[in-house]
Amino acid sequence: MLHSEKQRNEKSMQTLHIFNPEHDMALAYNDELFTPPHAGRAMRADLSFLPVFWSEDGDVIVVDDVDQALEKIRHFKRKLPQVTFITVNKLPSLAGRDIDIDVWGWDSSIRHTLLRKGLKNKELPTDETLRRLREISHRKWGAEILSCVRQDTELTIGEAELVTTIEAVNNKLAQGGAWVLKAPWSCSGRGVRYVEKELSQQIRSWMAKIIHQQGGIMMEPKYNKVKDFGMEFYSDGKGNITYKGLSLFQTANGAYAGNLLATEDDKIEILQQYLSIERLGEITEKLIKCFSTRLRNIYKGPLGVDMMIVASAGNRQPCLLHPCVEVNLRRTMGHVALSLAPTPFDPQQLMRITYDGHYHLKISNIQTNNSIDK
């Protein structure tokens, strides 16, 4: 939950924060007893301290190792809130307290964990809410938002379709061009494959597995991408959508690679090489309108929309905008970047997650390449 200072003063309530990056995989498996693969467990263990960047004084953060979390945040040269780190085994000590609960993303697995530890707070999502959240976290719902935003909007591009058979994919490939296949519930490039002309046996096996497990595959043209970016929002659950800021990020083979930490003015200046501020504003307003009715009484929390700037035919100006590559109904690395945004007097930085057997949050000054690596 994102609370303003005024709201916090009025409520005087703690928030319990949990980083569960395996959320998208949990949605795919849809099992409250879901056990994440090693990579998901490792990322959660190594980066469980991340909520310190959007917490407030007095909040509680669940981490795998308290001493390790304290050591990691000690090296960040910025003012951080006074929070309490606890392990998951200490959650029963919070049972019965009137606290807010803020997880990276809601699914049946994380709710089951909280219930098992005695946290039966009124704001835990019901079975019906979780069912609806999973439904609208499907990529086909993102395709509906894409259609909503593109309606009566010039200089946009983008289409996506759910296919349920390998034959349907072959029919699309027969049209020519390169295509992107995406598992309905997936993240960070793990559920993405690129195909052209014909399907390899490896891709066929992957598709058969995804169709069996998730009911189909999203298929969309592969566009001539110029730049990735996104917009971050917050839904209050009552139909009010608040725009939080821009996210300029990098990807490698469809996987997240890093975020620019810069002021909003600096990010707008970068995007204005390709798009006018008026077009950005129009898309923002359209997204707010599309989300407002669709998320009312369903989702309360942060969300993000990934977009891309696409080269027009013959690389002529102006560029085209793909206004909704995907919707993430959870906190995103873009939200993390907004929490770490510099002042106008600070240098721009690059935030990355690196892996060397352990996951690390690395923040590097772009000008000097000095880095903070935790």
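The preceding data block contains the structure.
In this report, the structure presented in the accompanying data block is examined.

Counting buried positions along strand β14 (residues 320-328) gives nine out of nine residues, so the element sits mostly inside the fold. Of the pairings in the sheet, the one linking strand β13 (residues 300-310) to β14 comprises six bridges and is antiparallel in character. The partner of Asp306 across the bridge, within β14, is Glu326.

Okay, the nonpolar core next. Counting residues in hydrophobic clusters, the biggest one holds 51 residues, and the most contacted among them are Leu16, Phe229, Leu287 and Phe291. The dominant element in this core, judged by the number of residues it contributes, is helix α11 (residues 277-295), at seven residues. Discounting chain neighbours no more than four positions away, the residues touching Leu287 are Ile145, Val149, Met231, Phe233, Val305, Met307 and Pro323. In this structure, Leu80, Phe85, Leu340 and Leu361 belong to the second largest nonpolar core, which totals 26 residues.

Looking at where Gln82 falls in the secondary structure, it is placed in the loop between α4 (66-74) and β3 (84-86). The exposure class assigned to Gln82 is exposed, which follows from its relative accessible area of 62%. With 16 residues separating them along the chain, Gln82 and Val66 place their C-alpha atoms 14 Å apart. Discounting chain neighbours no more than four positions away, the residues touching Gln82 are Glu56, Asp57, Gly58 and Asp59.

Let us now look at the pairing of strand β16 (residues 359-365). With seven of seven residues buried, β16 is to be regarded as a mostly interior element. Because side chains alternate across β16, one face comprises the buried residues Tyr359, Leu361, Ile363 and Asn365, and the other comprises His360, Lys362 and Ser364, equally buried. Here strand β15 (residues 349-355) runs beside β16; their pairing, made up of seven bridges, is antiparallel. The partner of Ile353 across the bridge, within β16, is Leu361. As consecutive antiparallel partners, β15 and β16 are separated by three residues, and within that stretch Gly357 has a phi angle of approximately 105°, a positive value.

Turning our eyes to something else, we now look at the state of the cysteines. Each disulfide consists of a covalent bond between the sulfur atoms of two cysteine residues. Under the counting rule described, the total for this entry stands at one disulfide. Free cysteine: Cys319, not disulfide-bonded; nearest cysteine sulfur from Cys324 at 19 Å. By relative accessible area, Cys319 is classed as buried at 5%. The thiol of Cys324 is unpaired, and the distance to the nearest cysteine sulfur, on Cys290, comes to 8.9 Å.

Rules and cut-offs
What you see as residue numbers is a count from 1 along each chain, following the sequence as written. Totals for whole chains, interfaces and linings use all residues, but because this is a predicted model, local features are given only for residues with pLDDT of at least 70 and pairs of side-chain atoms are given and counted only at 80 or more. As a rule here, side-chain values come from all non-hydrogen atoms in the structure, and water together with hydrogens is ignored. Each residue is placed in one exposure class: buried if its accessible area under a 1.4 Å probe, protein chains only, is under 20% of its type's maximum, exposed if it is over 50%, and partly exposed if it falls in between. Note on conventions: DSSP H or I runs of at least 4 residues are helices, E runs of at least 2 residues are strands, and numbering of each starts at the N terminus. Any two strands between which DSSP finds at least two bridges are classified as paired. Put simply, a nonpolar core is a bunch of buried Ala, Val, Leu, Ile, Met, Phe, Trp, Tyr and Cys residues held in one set by side-chain atoms that sit within 4.5 Å of each other. Only heavy atoms matter for contacts: two residues are in contact if any of them lie within 4.5 Å across the pair. Defined by distance alone, a disulfide is two cysteine sulfur atoms within 2.5 Å.

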